[in-house]
Amino acid sequence: MLKLAAKRLTAGTASFQAASPASSFVAVGRRFYHERVVDHYNNPRNVGSFEKDEAGIGTGLVGAPACGDVMKLQIKVDDETGKIVDARFKTFGCGSAIASSSVATEWVKGKQMEEVLSIKNSEIAKHLSLPPVKLHCSMLAEDAIKAAVKDYETKRASANGNGKVST
């Protein structure tokens, strides 16, 4: 359904693309999106979810009431090494929110827990060339990563019986 809508929106953009072949921006409606946003929107990576009660899973659920975007990002952590071995997302929102989620899941996979906490929304926004009006989408992705890590640490602390979460 979303792909069909994207095709309808981009159907009249061939003249924009042909006019500037060196440009990496694609016209969608009246907005120009970087080709990375369009790619992650049309071909999102790591869509789906894990069972939230499954061992080693951390879930971050965040939203932006102003625009209605809601993002659920889950990480699967190897308890032995502390490395994130897989990530999934489900996002209800605009193309920039979906692209930000998709990029976030790609960036966290294979990294240590401490490492992913250093991923900043500005890095995601820069990678996707998000316009200022869409920066909240990359902020949601950063918040979802932090929330997923915190959820994992809370569950792990409860399982270990100490109830203390490292910050």
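See the structure printed just above.
Keep in mind that this is a model prediction, so the values were computed, not measured. (Residues numbered from 1 in each chain as written. Predicted model: local features only at pLDDT ≥ 70, side-chain atom pairs only at ≥ 80, totals over all residues. Heavy atoms only, no water.)

Draft legend 1. Expanded view of the pattern of salt bridges. Across all of its chains, the model carries seven salt bridges by this definition. Ionic pairing is found between D39 and R45, a salt bridge with its closest N-O pair at 2.7 Å. Measuring nitrogen to oxygen at the nearest pair gives 3.3 Å for the salt bridge that ties K155 to D151. Taken together, the residues K155 and D151, both in helix α7 (residues 135–160) and four residues apart, mark about one turn of the helix. Judged by relative accessible area, K155 falls into the partly exposed class, the value being 30%. Under the relative-accessibility criterion, D151 is labelled partly exposed at 22%. (Salt bridge = Lys/Arg side-chain N within 4 Å of Asp/Glu carboxyl O. Helix = DSSP H or I, 4+ residues; strand = E, 2+ residues; numbered from the N terminus. Buried < 20%, exposed > 50% of the residue type's maximum accessible area, 1.4 Å probe, protein only.)

Draft legend 2. How the structure looks around the packing of helix α4 (residues 95–108) against α7. Taken N-terminus to C-terminus, the directions of α4 and α7 make an angle of 40°; their axes are 8 Å apart at the nearest point. Between α4 and α7 the crossing geometry is right-handed. Residues S96, A97, S100, A104 and V108 of α4 touch α7, and the partners they reach there are C137, S138, A141 and I145. Here the residues of the contact of α4 with α7 are counted per class, giving six nonpolar, three polar and no charged. (Axes fitted to C-alpha atoms, helices over the stretch in contact; angles between N-to-C directions. Left-handed = near helix turned anticlockwise from the far one by under 90°. Contact = heavy atoms within 4.5 Å. Nonpolar A, V, L, I, M, F, W, Y, C, P; charged D, E, K, R; others polar.)

Draft legend 3. Broad picture of the sheet that holds strand β4 (residues 69–77). The sheet built from three strands is open, its strands ordered β3-β4-β5 with antiparallel pairing. Every other strand in the sheet has two partners, leaving β3 (57–64) and β5 (84–92) as the edge strands with one partner each. On average, each strand axis in the sheet is inclined to that of its neighbour by 15°, with strand direction left out of account. Judged from the eight bridges that link them, β3 and β4 form a sheet pairing that is antiparallel. Residue V62 lies in a different strand from β4, and its bridge partner there is M71. Against the sheet, α4 touches β4 and β5, its axis set at about 175° to β5. Against the sheet, α7 engages β3 and β4, with an angle of about 145° to β3. (Pairing = 2+ DSSP bridges.)

Draft legend 4. Inspection of the nonpolar core at higher detail. The biggest cluster of nonpolar side chains holds 29 residues, and the ones touching the most others in it are I75 and V108. Here this core takes seven residues from α7, the largest share from any one element. With residues up to four places along the chain from it excluded, the contact list for I75 reads F50, G56, I57, G58, I84, D86, A87, V108, M113, A148 and V149. (Core = buried A, V, L, I, M, F, W, Y, C linked by side-chain atoms within 4.5 Å.)

Draft legend 5. Seen up close, the packing of helix α3 (residues 35–42) against α4. Remark: α3 packs on α4, axes separated minimally by 8 Å, with the N-to-C direction vectors making an angle of 85°. Judged on the interaxial angle alone, α4 and α3 are roughly perpendicular. On α4, the residues touching V37, H40 and Y41 of α3 are G95, S96, I98, A99, S102, V103 and E106. Grouping the constituent residues of the contact of α3 with α4 by class yields five nonpolar, four polar and one charged. (Parallel < 35°, antiparallel > 145°, perpendicular 65-115°, else oblique.)

Draft legend 6. Layout of the state of the cysteines. Scanning the model with the defined rule gives zero disulfides in all. Cysteine C94 remains unbridged, with the sulfur of C137 as its closest cysteine sulfur at 3.6 Å. (Disulfide = S-S within 2.5 Å.)

Draft legend 7. Layout of a nonpolar patch on the surface. A grouping of L61, V70 and F92 is seen on the molecular surface, where their side chains present a nonpolar patch of about 330 Å² in accessible area. Inspection of the secondary structure assignment puts L61 in strand β3. By relative accessible area, which is 59% here, L61 ends up exposed. (Patch = residues over 30% accessible without salt bridge, like charges linked within 9 Å, V, L, I, M, F, W, Y side chains within 5 Å. Areas by Shrake-Rupley, 256 points an atom, 1.4 Å probe, with all protein chains shown as cover.)

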